[in-house]
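Examining the three-dimensional arrangement
Letter by letter, the chains look like this.
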Amino acid sequence: MKTVLFAVIGLFAIVAAVFVWRAVHTPVRPQSISPSVQQSVVQRSGTHQAQTPTPQTVRAPAPPNESDKILGPFSVGGQSYKVEVRSRKVQPGSTQETGDTMLEMEIQD
């Protein structure tokens, strides 16, 4: 009886070690959204085309609790890119945490 118990515990320990090893050594991949999920999200939102700002679009000034920052230029593959970030101050809630949250990010070339 003790031999079977030790065998089961040993097998459980080996399986747990394999899962931990794979969790540590597996690279993180971004999640992809299937087309059917994208379609249902678009149908629920009531818009059929994503609205992307174009370079000709002039933005309204940010409200007082929002801020726009332009980062860069960054050189990637011989091209120069700028990143425009719009953020908003977070109001303290039940945890009294404050800070900024990103509302929008746009990469411009």
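Cut-offs applied
Residues numbered from 1 in each chain as written. Predicted model: local features only at pLDDT ≥ 70, side-chain atom pairs only at ≥ 80, totals over all residues. Heavy atoms only, no water. pLDDT = per-residue confidence, 0-100. Helix = DSSP H or I, 4+ residues; strand = E, 2+ residues; numbered from the N terminus. Contact = heavy atoms within 4.5 Å. Buried < 20%, exposed > 50% of the residue type's maximum accessible area, 1.4 Å probe, protein only. Polar contact = N/O pair within 3.5 Å; in protein donor to acceptor, adjacent residues only side chain to side chain. Patch = residues over 30% accessible without salt bridge, like charges linked within 9 Å, V, L, I, M, F, W, Y side chains within 5 Å. Areas by Shrake-Rupley, 256 points an atom, 1.4 Å probe, with all protein chains shown as cover. Salt bridge = Lys/Arg side-chain N within 4 Å of Asp/Glu carboxyl O.

Topic: the confidence of the model for the protein
Across the protein, the average pLDDT comes to 75, with 67% of residues at or above 70. Ranking the elements of the protein by mean pLDDT puts helix α2 (residues 35-45) last with 52 and strand β2 (residues 79-90) first with 89. Low pLDDT, under 50, characterises residues 45-53; the predicted model gives this stretch five contacts beyond four residues in sequence or across chains.

Quick look at the side chain of E66
Within the element layout of this structure, E66 appears in strand β1 (residues 66-76). When its relative accessible area of 14% is taken as the criterion, E66 is described as buried. Reaching out from E66, the side chain makes a polar contact with the side chain of R88 at a distance of 2.6 Å. With residues up to four places along the chain from it excluded, the contact list for E66 reads R86, S87, R88 and L103.

Topic: a nonpolar patch on the surface
A grouping of L11, V15 and F19 is seen on the molecular surface, where their side chains present a nonpolar patch of about 320 Å² in accessible area. Secondary-structure assignment places F19 in helix α1 (residues 2-25). Overall, the relative accessible area of 59% leaves F19 in the exposed class.

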